[in-house]
Amino acid sequence: MTTQPVDSPDLWAGLSALEEPPAPVWEDPVPLAGSRKLTAFPVGSLPGWLREFVAAVAEETQTPVDLAGCIALSVLATAAGGRSVVQVRGHWREPTNLYVVVSLPPANRKSAVFGLLTDPLYEAEQQLRTLIQPAIVEAEMTARLAKEAADKATAKAASASTDERDQLVATAIALAQTADSVTVPVKPQLLADDTTAETVTSRMAEQGGRIAVMSAEGDIFDIIAGRYSGKPNMGVFLKGHAGDRLKVDRQTREEYIEHPALTMGLCVQPQVLDDIGRQDGFKGRGLLGRFLYSVPESLVGRRKIEPDPIPEQVMETYRRHILDLTLFLAEWTDPAVIQLSPEAVATLTAFQARVEPMLEARGGIMGQIGDWGGKLVGATARMAALLHLAEHLTKGHTVPVAEETMRDAIALAEYFISHSLAAFDSMGADRIVERARTVLEALRTHGWREVSKRDLMVKLSRSEFRTANDLDPVLALLEDHGYVRAQAVQRTGGRGRPPSPRYLVHPRLTDPAA
């Protein structure tokens, strides 16, 4: 019996439908980067006397507490930097200097906050100068008299008879060597403002390896980028944070610093951070990864007209404690070693275990700022030592850092994670994200449901995407976030380069209701 073929349109349509792959199921795409929810400054992590002053400054000036809190950390680092280190574990020690930058728009009374926080440092500087002034006068007088004696001996030797000349020359040489050996102490300096890289280096060399740059403006970034020299000059700022040996050997000067300790406390306008991201001189050098960033919300437009003034007792306590800490540590030549208690070490180790997965290049919240995140645990140890010194003042080197103090430092570190991510967004540190937004806009504009790299290159600006290879990390990111899907490449078996993949595009890019 012969079976006749069935010629049914419905049947053939059904068979064709079975052969076609099912329509892809799309989940909601993950936004590339939205406005970040910023952590509030943990003012409760500061020791009581410092907490009260920071809160009072914020109230009187009607500024975010973040500003006074971050500058307070810089003030502590100015007092302790170059004069103390924190022993973390094994051979791991961290100096106690910090780089902190706060980003705030104009009219936020930044100078007033800086003045209130840094006034005791200038007073300490003046007291140190007063104490050393007699020694300076004595050394200058001794050097002048020694030089005059050497000059007279030289003149006498020059006019002496032959048989007397050798003895007189020897006397002149001895007196000249004595004059050269007299060291005149330099005037103590804690703070610098309008400065250059060369000046910072010289000041650190003069001041036993430490100096602080505290400024309510962002000019220092222009100077680092090479405003005057025409090329970036970052060496002292890189080594001054890490404490790496610094040696300058030029025709005009020769300077050597065994353990440089530079502190920076800056407040800049948001535009400064935007500009930094566009300057090639800052890319890939590691300087931006050394700063702790704060980007608080401005209070302009919502400020009290008659705020509460700073209580006199609160201000006096702050002044006295900063003076005591600064003057006490100024006497140290070998640094005071701050020890961690076993509980503090365990707490820091647990925090390090939490931070490490955050640095994963793909998926970690700090994956795109790994240089910054890789320094976070060390910065946390530094902050713990500074909080400890603020708590114990002149006795900080005699007792170990407590677990609670380390927890307070970790709260500050978590604050800086949140704000530093926002700062790097502003600086455009992750150019791949910016380029991904450009590609997304192209996909929306042209309505592609399927696209190739060639399609994109025809429409994209060659100034941003010079070659098709520039699209690879961007498309990988968009695929990770669920905006596109790479289709399997159909290999022909022939020679030559395999065809590049085509990408399915999330239907929501062309139809928001999909």
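Structure: see above.
Conventions we followed
Residues numbered from 1 in each chain as written. Predicted model: local features only at pLDDT ≥ 70, side-chain atom pairs only at ≥ 80, totals over all residues. Heavy atoms only, no water. Phe/Tyr/Trp six-rings, centres within 6.5 Å; stacked < 30°, edge-to-face > 60°. Helix = DSSP H or I, 4+ residues; strand = E, 2+ residues; numbered from the N terminus. Salt bridge = Lys/Arg side-chain N within 4 Å of Asp/Glu carboxyl O. Buried < 20%, exposed > 50% of the residue type's maximum accessible area, 1.4 Å probe, protein only. Expected span 1.5 Å × (residues − 1). Core = buried A, V, L, I, M, F, W, Y, C linked by side-chain atoms within 4.5 Å. Axes fitted to C-alpha atoms, helices over the stretch in contact; angles between N-to-C directions. Parallel < 35°, antiparallel > 145°, perpendicular 65-115°, else oblique. Left-handed = near helix turned anticlockwise from the far one by under 90°. Contact = heavy atoms within 4.5 Å. Nonpolar A, V, L, I, M, F, W, Y, C, P; charged D, E, K, R; others polar. Pairing = 2+ DSSP bridges.

1. Structural notes on the packing of aromatic side chains
With the rule as written, the count across this model stands at eight aromatic pairs. Ring centres 5.2 Å apart and planes at 45° place the aromatic pair Y99 and F291 in the tilted group. Here F291 lies in the loop between α9 (270-278) and β9 (292-294) and Y99 lies in strand β3 (residues 99-103), a separation of 192 residues in the sequence. Ring geometry for F328 versus W332: centroids 6.0 Å apart, planes at 70°, classification edge-to-face.

2. Re the pattern of salt bridges
Tallied over the full model, the rule gives 15 salt bridges. For E59, the salt bridge is made with K304, and the minimal N-O distance between the two is 3.2 Å. A residue pair is termed long-range when its members are at least 10 positions apart, and E59 in helix α2 (residues 48-61) and K304 in the loop between β9 and α10 (312-330) qualify at 245 residues. Of the charged contacts in the structure, one is a salt bridge between R354 and E414, with a shortest N-O distance of 3.1 Å. Within this pair, whereas R354 is found in helix α11 (residues 342-358), its partner E414 is found in helix α14 (residues 403-427), the two being separated by 60 residues in sequence. Relative accessible area serves as the criterion here: at 42%, R354 is assigned to the partly exposed category. When its relative accessible area of 32% is taken as the criterion, E414 is described as partly exposed.

3. Details of helix α3 (residues 65-80)
Over its 16 residues, α3 runs 23 Å from end to end, which matches the ideal 22 Å to within 8%, given 1.5 Å per residue. Extensive coverage of α3 is indicated by the burial of 15 of its 16 residues. Backbone geometry just after α3 places G82 at a positive phi near 80°.

4. Considerations on the nonpolar core
The biggest cluster of nonpolar side chains holds 110 residues, and the ones touching the most others in it are L117, F237, Y293 and W372. In terms of residue count, the dominant contributor to this core is α14 (13 residues). Grouped together as the second largest cluster of nonpolar side chains are 23 residues, V433, A436, L477 and Y483 included.

5. Things to note about the packing of α3 against helix α4 (residues 110-159)
Orientation of α3 relative to α4, taken along the N-to-C sense of each, is 30°, at an axis distance of 10 Å. Here α3 lies roughly parallel to α4, going by the angle between them. For α3 against α4, the interelement crossing comes out right-handed. From α3, L67, A68, I71, A72, V75 and T78 reach across to α4, where they touch K110, V113, F114, L117, T118 and L121. Class assignment of the residues belonging to the contact of α3 with α4 gives a composition of nine nonpolar, two polar and one charged.

6. Overview of the packing of α2 against α3
The geometry of α2 relative to α3 is characterised by a closest axis approach of 8 Å and an angle of 135° between their N-to-C directions. As the angle between them shows, α2 and α3 are arranged oblique. Remark: the crossing between α2 and α3 carries right-handed chirality. Packed against α2, whose contacting residues are L50, V54, V57 and A58, the element α3 presents V65, A68, G69, A72 and L76 at the interface. Taken together, the residues of the contact of α2 with α3 sort by class into eight nonpolar, one polar and no charged.

7. Here's the deal with the sheet that holds strand β5 (residues 210-215)
Taken together, five strands build an open sheet; the order of strands is β4-β5-β8-β3-β9 and the sheet is parallel. Edge positions in the sheet fall to β4 (191-192) and β9, since each has one partner strand and no second. Pairing between β4 and β5: two bridges, direction parallel. Residue pairing for β5: A192 is matched across the bridge by V213. Packing of α4 onto the sheet brings it into contact with β4, β5 and β8 (261-268), and relative to β8 it is tilted by some 155°.

8. Observations regarding unusual backbone geometry
If you check the backbone angles, R109 has positive phi at about 55° while not being a glycine. Tracing the backbone shows R109 in the loop between β3 and α4. Phi angles above zero are rare outside glycine, and L393 is one such case at about 55°. Looking at the secondary structure, you find L393 in the loop between α13 (376-392) and α14. Since its relative accessible area comes to 15%, L393 is described here as buried.

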